[in-house]
Amino acid sequence: MTTIDQILTDWVRAEFTRIFPEAGDALSAVQVVSAGSPDYGDYQCNAALALARSLKRKPRDIAQTFLDQASRPESVERLEVAGPGFINIHLKTIWLAGHVAAVLKDERLGVPTIGTGRTVVLDYSSPNVAKPMHIGHIRSTVIGNALDRLHRFLGYRVISDNHLGDWGTQFGIIIMGYRHFADQQALADSPVEELERIYVKSYEQSKAGDEWLQQCRQELVKLQAGDAENQALWRQFVDLSLKEFNRIYLRLGVAFDLTRGESYYNPRLPAVIDMLQQKGLARESEGALVVFLEDEKLPVCMVRKSDGGYNYATTDLATLISRQEEFDPETIVYVTDERQQLHFKQIFTVGKKLGIRARLHHVWFGLMRLPEGTFSTRQGNVIKLERLLDESETRALAVVRQTSPAMPENQQKAVARAVGIGAVKYADLSQNPQSLVTFSWDKALALDGNSAPYLQYAYARIRSVQDKYRDQFPGRDPEAFPIRLDEPVERALALQVARFAEAVTMAARLYKPSVLADYLFALSGLYNGFYQNVPFLKAPEGVRESRVRLCGVVARILRQGLDLLGIETPERI
RNA sequence: ACCCCCGUAGCUCAGGCGGAUAGAGCAUCGGAUUUCUAAUCCGAUGGUCGCAGGUUCAAGUCCUGCCGGGGGUGCCA
């Protein structure tokens, strides 16, 4: 299906081109957008203002000429020139109703499969082994997963990869800590917490004395050289961590195609160095091997330390090359926090020099902070992700018990789970990620206003209406009646319904799930106004069925849209 | 010192390509339920879009400088 803005843009651009051929290249910028306010019609075109310069004519004259000479497609009721030269477009209500009926009928709710035959690799979540996932990890996980779902729905072949931090210098510290401080009972009860405790303690020791640090390095060298005992310990740390991560992923409804840690690429690191040297990109400097990026005005990128060890730039380059060879993707997307911006600029630049063809994109988000400042494992002021999820479900359960006391307890709990987890996810998905976020319980767990429960509530209300319709009018098929948009609120709702495809494609194109969240919130707002202000079941026959059908299409969009954000929609809440 | 990001209502934030009177949520105040789930709806209050210049028909949006906050800058990731 073609979206309304596209239908209108195609028409307006063709007509502008016919009427004003002298405008030339500027015509490619002609487009139609939704109207800024209902007062200005349904859609508007600002091309007359933009073309005024190249045509050397007054904007209003251009717009008027367009009105005089342009054809009228079947969708258009009337056009008007307004303000300095806007062209306001009013759609035929009956045509809009037909369009909504077509969206309703469409399995995909009008969303095109623009990704068919295209591959995207998505690198997200990527927590560090031996550290618990805390509230700072949720953004990459939740945003990455939404991008994953959006692209799959659009028909892309998606390779999602959880690039675990399972290699590196911290393992020397952990192994030393394990040998000296491990509490087996604690390790059995709460493995990752214990590993973290061990790590922090060993890290403090290494700060205190050089000898400890040296021993940590030795353990690391042994591990990297393939020492059987250290390898076994490392394997154990990874397995214990993965078990806990998977528990959280299950709870969040997140799944990966691949879980390849940094260690997976370890055997390929020497080959990366070879490539860099063969291409003359890497040079010795101060005992280390580095790539100079002066032409790009970037700091040097170190690929081998003076002690011969590799660092994360080398690993990420190996990862890039591996992904290019194995999947030949059109795009590779990384979802990480803002601190890695420079790192990825360097990696992308070096990667291009090495012949990586894929488009490379870094989706970054602001760090999560606490009101009193940053948190860190070592300061011990982290809030574990599981605690956040527990708290959210608890708060949701309290509300469910209060508002739906008659609901069986296991259903109350299921609803609280969907609402609680949904609220936490939505808090991160509904805002532009590129701002620093100060964590607050009230904000993360908001259950009213612009929140997941607001959308889930709208959905549940619709399901209830549909059930009541079936009860009161058994055997009747609303689909046999046409959609009617007599009330302004119905018309506004229909316009929003028609824009679902636009919201989904834009959210994916801009890598911003918040675009879809905003859309769904606006849809719910319009629906709630509709619900509140016009009768459905008590409306006369015909009007009643039309409204039930509108309810139905809104429900499907809410369910599909929330699913794309990774949020569940209970039938009752 | 340099580089990147942010600064919009009391608080938290939306505002692809520059477009009409800058929008939500929370909070505050006032209304709405014999009727489809009130986790809702309707209304009100609340703004020199950090500051100063510039570009143009038009700037929250683009450019320059400054102020404030955050992050980063070859041997952690």
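It should be emphasised that the depicted structure is a prediction, and the values quoted were computed from it without experimental measurement.

**Overview of the overall build of chain A**
Then step 1. From N to C terminus, chain A includes 21 helices and 13 strands.
Then step 2. The principal-axis extents of the C-alpha atoms in chain A amount to approximately 85 × 70 × 40 Å.
Then step 3. Counting every position in chain A, which comprises 573 residues, the buried fraction comes to 54%.
Then step 4. Put simply, of all contacts in chain A between residues at least 6 apart along the chain, 74% involve residues at least 24 apart.
Then step 5. On chain A, roughly 25,700 Å² of surface is accessible, and the fraction owed to carbon and sulfur atoms is 49%.
Then step 6. Across chain A, 69 positive and 70 negative side-chain charges occur, with their mean positions spaced 3 Å apart.

**With respect to the protein's contact with RNA strand B**
Then step 1. RNA strand B sits among 65 residues. The nearest are Tyr40, Met302, Tyr312, Tyr457 and Tyr531.
Then step 2. Backbone sugar and phosphate groups make up 58% of those atoms of RNA strand B lying within 4 Å of the protein.
Then step 3. The contact in question runs from a phosphate oxygen of RNA strand B to an N or O atom on the side chain of lysine 305, over 3.4 Å.
Then step 4. One of the backbone N or O atoms of phenylalanine 536 is found 3.3 Å from a base nitrogen in RNA strand B.
Then step 5. If one sorts the elements of the surface near RNA strand B by residue count, helix H17 (residues 452-472) sits on top with 8 residues.

**Details of the pattern of salt bridges**
Then step 1. Within this structure, the stated rule accounts for 39 salt bridges.
Then step 2. Between arginine 268 and glutamate 325 there is a salt bridge whose closest N-O contact spans 2.9 Å. Of the two residues, arginine 268 sits in the loop between helix H10 (228-252) and helix H11 (269-278) while glutamate 325 sits in helix H12 (residues 312-327), which places them 57 residues apart along the sequence.
Then step 3. Connected through salt bridges with shared partners, the residues Arg179, Glu219, Lys222 and Glu229 form a single ionic network.

**Some points on the nonpolar core**
Then step 1. Counting 148 residues, the largest nonpolar core has Phe16, Phe66, Leu516, Tyr527 and Val553 as its most contacted members.
Then step 2. Other than its neighbours up to four places away in sequence, phenylalanine 66 contacts Trp11, Val12, Glu15, Phe16, Ile19, Phe20, Leu79 and Ile87.
Then step 3. Counting residues in each nonpolar core, the second largest holds 32 residues, with Val121, Leu258, Tyr265 and Val272 among its members.

**Considerations on the packing of helix H15 (residues 409-429) against H17**
Then step 1. Their axes nearest at 8 Å, the elements H15 and H17 cross at an angle of 130 degrees. Relative to H17, H15 is oriented oblique. Where H15 abuts H17, its residues Ala418, Val419, Gly422, Ala423 and Tyr426 lie against Ala452, Pro453, Leu455 and Gln456.
Then step 2. Counted by class, the contact of H15 with H17 contains 7 nonpolar, 2 polar and no charged residues.

**Some points on the environment of valine 554**
Then step 1. Mapped onto the elements of the fold, valine 554 is located in helix H21 (residues 543-564).
Then step 2. When its relative accessible area of 0% is taken as the criterion, valine 554 is described as buried.
Then step 3. It is 8.0 Å that separates the C-alpha atoms of valine 554 and tyrosine 459, two residues lying 95 residues apart in sequence.
Then step 4. Those residues in contact with valine 554 that sit more than four places away from it in its chain are Ile462, Leu493, Val497, Leu523 and Tyr527.

**Quick look at helix H8 (residues 191-208)**
Then step 1. In this model, H8 (18 residues) spans 26 Å end to end at C-alpha, consistent with the 26 Å of a helix rising 1.5 Å per residue.
Then step 2. All buried positions along H8 are accounted for by Pro191, Val192, Glu194, Leu195, Glu196, Ile198, Tyr199, Val200, Ser202, Tyr203 and Ser206.

**As for the confidence of the model for chain A**
In regions of low pLDDT, the predicted coordinates are not meant to be interpreted in detail.
Then step 1. Mean pLDDT for chain A: 92, with 98% of residues reaching 70 or above.
Then step 2. Across chain A, strand E6 (residues 157-161) holds the top mean pLDDT of 98, while strand E13 (residues 437-438) sits lowest at 74.
Then step 3. Overall fold confidence for the complex sits at a pTM of 0.95, while the interface term, ipTM, reaches 0.95.

**A few points about the sheet that holds strand E1 (residues 32-34)**
Then step 1. Strand order in the open sheet formed by 4 strands is E1-E2-E4-E3, with antiparallel pairing between adjacent strands. At either end of the open sheet lies a strand with only one pairing partner, and these are E1 and strand E3 (76-82). Neighbour-to-neighbour, the strand axes of the sheet open up by a mean angle of 30 degrees, direction not taken into account.
Then step 2. Bridge count for E1 against strand E2 (residues 43-45) is 3 bridges, and the pairing is antiparallel. Bridged to serine 34 within E2 is tyrosine 43.
Then step 3. Packed onto the sheet, helix H3 (residues 59-69) meets E3 and strand E4 (86-91) and runs at close to 160 degrees relative to E3.

What counts as what
- Residues numbered from 1 in each chain as written.
- Chains lettered and ligands numbered in written order.
- Predicted model: local features only at pLDDT ≥ 70, side-chain atom pairs only at ≥ 80, totals over all residues.
- Heavy atoms only, no water.
- Helix = DSSP H or I, 4+ residues; strand = E, 2+ residues; numbered from the N terminus.
- Buried < 20%, exposed > 50% of the residue type's maximum accessible area, 1.4 Å probe, protein only.
- Contact = heavy atoms within 4.5 Å.
- Areas by Shrake-Rupley, 256 points an atom, 1.4 Å probe, with all protein chains shown as cover.
- Lys, Arg positive; Asp, Glu negative; His and termini not counted.
- Charge placed at Lys NZ, Arg CZ, Asp CG, Glu CD.
- Near = heavy atom within 4 Å.
- Polar contact = N/O pair within 3.5 Å; in protein donor to acceptor, adjacent residues only side chain to side chain.
- Salt bridge = Lys/Arg side-chain N within 4 Å of Asp/Glu carboxyl O.
- Core = buried A, V, L, I, M, F, W, Y, C linked by side-chain atoms within 4.5 Å.
- Axes fitted to C-alpha atoms, helices over the stretch in contact; angles between N-to-C directions.
- Parallel < 35°, antiparallel > 145°, perpendicular 65-115°, else oblique.
- Nonpolar A, V, L, I, M, F, W, Y, C, P; charged D, E, K, R; others polar.
- Expected span 1.5 Å × (residues − 1).
- pLDDT = per-residue confidence, 0-100.
- Pairing = 2+ DSSP bridges.

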